[in-house]
Amino acid sequence: MMSRRAAIGLIALGFSAFAASTLTSVAPALADASNYPNRPIRWIVGYPPGGATDILARLIGQRLSEKMGQQFIIENKPGAGNNIGTEAVAHAEPDGYTVLLVNPANYINATLYTKLNFNFLRDIAPVAAFHRTANVMTVNKQITAKNVAEFIAYVKANPDKVNMASSGNGTSVHLSGEMFMMMTGAKMQHVPYRGAALAITDMTGNQVQLIFDNMPSIIQHIRSGNLRALAVTTDKRSPLLPDVPTVAETVPGYEASALFGMGAPKKTPPEIIAKLNAAVNEVLAEPAIKAKLTDLGGEPLIGPPEAFGKMIEDETAKWEKVVKAANLKVD
């Protein structure tokens, strides 16, 4: 029979082994945080290469690679309305070596999709905001309305005759229009396309009359005179279209900008998030990057992770109201 002293000794030995194993498992994590980054970082983008979102990631990713001494590898994971890429990050190791290009689909999909294998607000930690991009309320030249008030009156005087194009169901382009209808009572028929290019082609041919398209893809058609801009969707005018008013100047409270930034798996160490945030903010402050972001339709948003987190919460709540009011859902 084991003596009391021997039993106590074994218990102490077991506790020591447990403590040692715990410290061993914690130590690498602390070392990783202090030496971060020491290998390439995967940056997941939920869209194909070549689009505005992908261009944004590559623009900032190149400078982060140079600044942090490790390559930011852009990994395109398109599909399921951006959800495939987001899920990959939500379920990745929270070690700072997988990050997400956060974009408007994340805020919209939180309500639009009824069955997701992740919860965006719960599973993705905010790292840093990049910028907000305006959509542009644009009509074809057959529409006689020259401003937002005249357009609202035109739609109400011509029920079922105005088609609103979008780059697809549930996109920010679509939801910007749904918000406009919700707030004005001007009802239009939504016509979704597989991308904005096809929609714009039909806009010039008068098959559809209106689109709330992203600034980078629509601005050349506005400047050429093929289409007419009535308003921008941000809360202040855009330096790219300084003479074009905001929707809110006619419809108080309307705001439908596209907010972009970086996220990481939820349990990523705060020290790593802080390093990423500081590096992103330094990149955003560079004059060359600021100029390029302005060309993409928005000015840099420099701030801490907590500020971006509040923006994400506000965007998600805003689009939840619109999705529910329009009775939209994807099973």
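One can find the structure itself at the top, above this paragraph.
Here goes a summary of the coordinates provided. What you see is a predicted model, and the numbers here were worked out from it, not measured in a lab.

Ordered by their spatial adjacency, five strands build an open sheet running 2-1-3-10-4, and the pairing between neighbours is mixed. What marks the edges here is a single partner per strand, and that holds for strand 2 (72–76) and strand 4 (124–133). Strand-to-strand twist across the sheet, computed as the mean angle between neighbouring axes with direction ignored, equals 25°. With three bridges joining them, strand 1 (residues 41–45) and strand 3 (residues 98–102) adopt parallel strand pairing. Bridge pairing links Ile-44 to Leu-100 in strand 3. Lying over the sheet, helix 2 (residues 52–68) contacts strand 1, strand 2, strand 3, strand 4 and strand 10 (258–265), oriented at roughly 160° with respect to strand 2. Packing against the sheet, helix 12 (residues 305–325) makes contact with strand 3, strand 4 and strand 10, and its axis sits at approximately 75° to strand 4.

Time to look at the side chain of Thr-246. You can see Thr-246 is positioned in the loop between strand 9 (227–232) and strand 10. Classification of Thr-246 by relative accessible area gives buried; the value is 2%.

On to the pairing of strand 3, then. Buried residues dominate strand 3, accounting for five of its five residues. Here strand 3 shows two buried faces, one formed by Thr-98, Leu-100 and Val-102 and the other by Val-99 and Leu-101. Note: strand 3 against strand 10, three bridges, orientation antiparallel. Across the sheet, residue Val-102 finds its bridge partner in strand 10, namely Gly-261.

This part takes up the packing of aromatic side chains. Taken as a whole and judged by the stated rule, the model has seven aromatic pairs. On the numbers, 6.5 Å between centres and 80° between planes, the contact of Phe-180 with Tyr-254 is edge-to-face. Of the two residues, Phe-180 is situated in helix 7 (residues 172–184) and Tyr-254 in the loop between strand 9 and strand 10; the sequence distance between them amounts to 74 residues. Through a chain of ring-to-ring contacts, three or more aromatic side chains come together here, namely Phe-151, Phe-180, Phe-212 and Tyr-254. We note Arg-39 situated over the ring of Tyr-97; from NZ or CZ to the ring centre the distance is 3.7 Å.

Attention now goes to unusual backbone geometry. In this model, Tyr-36 is joined to Pro-37 through a cis peptide bond whose omega is -10°. In this structure, Pro-37 sits in the loop between helix 1 (4–35) and strand 1. Even without being a glycine, Asn-82 presents a positive backbone phi close to 90°. Topologically, Asn-82 is positioned in the loop between strand 2 and helix 3 (83–90). Looking at Asn-82, the relative accessible area reads 2%, which means it is buried.

Reading guide: rules and limits
- Residues numbered from 1 in each chain as written.
- Predicted model: local features only at pLDDT ≥ 70, side-chain atom pairs only at ≥ 80, totals over all residues.
- Heavy atoms only, no water.
- Pairing = 2+ DSSP bridges.
- Helix = DSSP H or I, 4+ residues; strand = E, 2+ residues; numbered from the N terminus.
- Axes fitted to C-alpha atoms, helices over the stretch in contact; angles between N-to-C directions.
- Contact = heavy atoms within 4.5 Å.
- Buried < 20%, exposed > 50% of the residue type's maximum accessible area, 1.4 Å probe, protein only.
- Phe/Tyr/Trp six-rings, centres within 6.5 Å; stacked < 30°, edge-to-face > 60°.
- Lys NZ or Arg CZ within 6 Å of the ring centre and 35° of its normal.

Remember, this is a structural readout, not a statement about activity or role.
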